[in-house]
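# Per-entry structural report
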Amino acid sequence: MFGDLMGMMGKLQEAQKKVEETKQRLNTVLIDEQSADGLLKVTVTANRQIRTIDINDELLSDKEQLEDYLILTLNKALEKAGAINEAELAAAAKDGMPNIPGMDLFK
């Protein structure tokens, strides 16, 4: 019984390590997004950190329009980043989880 418990604890620690490694790797996964007309471009990581914002000079004359572009484009990029992040972390956690009957939360 204790052997099984120790084995499960080891597997849980391994799963935690895989999740942390995946989080670090996701810092290097970049998602590029741009407005429909290409006047605004952003790059975010899969960990949802903004890396770059490129604004065409044409947008600088209208503050309200620029704000709208930023909101729309950043939301699209962050949505994509979130989907990648969740899928990768779920896969890392599932791979390292011990087989505990009734604990199929990650299926």
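Residues numbered from 1 in each chain as written. Predicted model: local features only at pLDDT ≥ 70, side-chain atom pairs only at ≥ 80, totals over all residues. Heavy atoms only, no water.

According to the stated counting rule, one finds 5 salt bridges in the structure shown. Here Glu20 ties to Lys23 by a salt bridge, and the two come within 3.6 Å at their closest N and O atoms. On the criterion of helical spacing, the pair formed by Glu20 and Lys23 is a turn pair, its members being 3 residues apart in helix α1 (residues 2-26). (Salt bridge = Lys/Arg side-chain N within 4 Å of Asp/Glu carboxyl O. Helix = DSSP H or I, 4+ residues; strand = E, 2+ residues; numbered from the N terminus.)

As summarised here, the arrangement of the 3 strands in space is β1-β2-β3, forming an open sheet in which the pairing is antiparallel. Bordering the open sheet on either side are β1 (30-34) and β3 (50-55), each of which pairs with just one other strand. Put simply, the sheet's adjacent strands are angled 10 degrees from each other on average, direction ignored. As paired elements, β1 and strand β2 (residues 40-45) share 5 bridges and run antiparallel to each other. Its bridge partner lying in β2, Ile31 is registered against Val44. (Pairing = 2+ DSSP bridges. Axes fitted to C-alpha atoms, helices over the stretch in contact; angles between N-to-C directions.)

Moving on, we come to the confidence of the model for the protein chain. Chain-level pLDDT for the protein chain is 86 on average; 81% of the residues reach the 70-or-more range. When the elements of the protein chain are averaged for pLDDT, α1 gives the smallest value, 78, and β3 the largest, 98. (pLDDT = per-residue confidence, 0-100.)

All right, on to the nonpolar core then. Within the largest apolar cluster, 12 residues are counted, these being Val19, Leu26, Ile31, Val42, Val44, Ala46, Leu74, Ala77, Ala81, Leu89, Ala92 and Ala93. Among the secondary structure elements, those contributing two or more residues to this core are α1, β2 and α2 (63-96). Sort the elements by how many residues they give to this core and α2 lands first, with 6 residues. Ignoring anything within four residues of it in the chain, the contact list for Ala81 reads Ile31, Val44, Thr45, Ala46 and Arg48. Of all hydrophobic cores here, the second largest spans 5 residues; its members include Leu40, Leu59, Leu66 and Tyr69. (Core = buried A, V, L, I, M, F, W, Y, C linked by side-chain atoms within 4.5 Å. Buried < 20%, exposed > 50% of the residue type's maximum accessible area, 1.4 Å probe, protein only. Contact = heavy atoms within 4.5 Å.)

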